[in-house]
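Structure assessment
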Amino acid sequence: MALPLFKIIIGCTIILSDYVFSIGVLERSSNCPKPPEECPNVNITFHLYNRRIKNYNGYQLKENDTTTLQNAPFIKNKQVIVSSHGYTGHLHYAPNPELIDAYNRMPDPVNIIVINWGRLCPQPCYTQSARNVALVGNCSALFIEALLQHQTWFTLKDIHFIGFSLGAQVMSQISHKLTIGKPYWITALDPAWPLFDTMTTYAEERLDITDADFLDVYHTNAGYKGQLTSIGHVDFYANHALLQPGCGTNSSCNHVRAVYYYAESIYTKVGFYAYSCLSILTHLTGFCKPGPGDELVLLGAHVNHSTRGTYYFTTNDQYPFARGKVFDTQEEPIQAEHHMQSVEPVQPMQRPLPIDLRLSEIKASPKPSS
């Protein structure tokens, strides 16, 4: 059902102010980390994962220990991905385990480097965590440049950068701090909105299309924890953009759905398809529906890099989320087939569940129904 425009605007204003106010109240009563502005930084670590590495914590790569860079067990001539968690995250937090699990199920192996900065983004320190994004980006850029000096079989343009929430803003800062060029491909999974909105921040402080040759953005909690406006070369809004089916008003559930949709896009045969919308407001007010002959685009890990604009797609309310080319929520979803049999979203790996920080509803996000 379409939402009245005035309700959309008022609602987004209320929930953003509520979110920022709640964070501020909680943060003032806490000891939030203010790390030294230096790189390498003990609070920021880098971990390599691929099929050859059986260690739960991966293989740690250290900028100041060239042996770890030279002898790193990369699977050469295969894709390299750099991944970052967001606020309250850590090494084993979304999107890292979901991406590792999904890519490791595919026939062709990949190398995933996880940026772990969990010590710098603890609850309830969102404001300080947002400030720490620039430091994480700077140290990560220096690390990547050092790594490329020792692993010459791939270049900066070969790396796919994927960030969730504040992690997407980290990718922006990496792009700004690199001295050898800018990334070719950045994927932003519901990039953080509070303190990174397009109205009150400069472009160099937040993610935008100048950060990569191709920036694809996935919105699942738009206007609350995630960016409301289109900021990429292509932006995909899921379902009602702010709320996802099966999540209700639980913002943490809505927020992390971007990770689950993207991870499933890696291996699903049904696929996530979207149709073009002029803007997010056009979609939310009900004036944007696909018609016969309208072009449909495949989104996610296999998106065409020439795709431009704002797109809308629907999902099921539980795994498997992909609906193929079905958009009307009244229609029966397509029964999903996958490259791998019995594929389920990876379960949380000994990690705390995300927390909804609104003062009126401080509670843990429920386990996704899968």
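Our structure's up above, just so we're on the same page.
Residues numbered from 1 in each chain as written. Predicted model: local features only at pLDDT ≥ 70, side-chain atom pairs only at ≥ 80, totals over all residues. Heavy atoms only, no water.

1. Brief notes about the state of the cysteines
Just so we agree on the cut-off: We call a pair of cysteine sulfur atoms a disulfide whenever their separation is within 2.5 Å. Working definition: helices are DSSP H or I runs of at least four residues, strands are E runs of at least two. Numbering for both runs from the N terminus. The buried label goes to any residue with under 20% of its type's maximum accessible area, the exposed label to any with over 50%, and the partly exposed label to all in between, with areas taken from a 1.4 Å probe on protein chains only.
Following the criterion strictly, the structure yields four disulfides and no others. The disulfide partner of Cys32 is Cys125, and the S-S distance across this bridge is 2.1 Å. Because the torsion about its S-S bond is -85°, the bridge between Cys32 and Cys125 counts as left-handed. A residue pair is termed long-range when its members are at least 10 positions apart, and Cys32 in the loop between α1 (5-28) and β1 (45-49) and Cys125 in the loop between β4 (111-116) and α4 (126-150) qualify at 93 residues. Like Cys125, Cys32 is buried. Each disulfide pairs two cysteine sulfurs, and for Cys277 the partner residue is Cys288, the sulfurs being separated by 1.9 Å. Judged by the sign of its S-S torsion, about -115°, the bond between Cys277 and Cys288 is left-handed. Residue Cys277 is found in strand β9 (residues 273-277), and its partner Cys288 is found in the loop between α7 (280-284) and β10 (296-298); the two are separated by 11 residues along the sequence. Each member of the pair, Cys277 together with Cys288, is buried.

2. Quick look at the nonpolar core
Generally speaking, soluble globular proteins have nonpolar side chains that are buried together. This is how the line gets drawn: Among buried residues, the Ala, Val, Leu, Ile, Met, Phe, Trp, Tyr and Cys ones that are joined through side-chain atoms within 4.5 Å form a nonpolar core.
Of all hydrophobic cores here, the largest spans 47 residues; its most connected members are Ile44, Ile113, Ile115, Trp117, Ile144, Phe161 and Ile174. Within the residue set of this core, elements represented by two or more residues are β1, β3 (80-84), β4, α4, β5 (159-164), α5 (166-177), β6 (185-189) and β7 (214-219). A per-element tally of this core places α4 first, with 12 residues. One finds Phe236, Tyr267, Val303 and Phe313 within the second-largest nonpolar core, a separate group that totals 43 residues.

3. Some words on the packing of helix α3 (residues 96-104) against helix α6 (residues 251-267)
Test applied: Here, axes are lines fitted to C-alpha atoms. For helices the fit covers the stretch in contact, and angles between N-to-C directions go from 0 to 180 degrees. Geometric relationships in this document are graded by angle, where less than 35 degrees denotes roughly parallel, more than 145 denotes roughly antiparallel, 65 to 115 denotes roughly perpendicular, and other angles denote oblique. Contacts: residue pairs with any heavy atoms within 4.5 Å of one another.
Contact geometry for α3 and α6: axes closest at 8 Å, N-to-C directions at 10°. On the basis of the axis angle, α3 is roughly parallel to α6. Of α6, the residues touching α3 (which contributes Glu98, Leu99, Ala102 and Tyr103) are Val259, Tyr260, Tyr262, Ala263, Ile266 and Tyr267.

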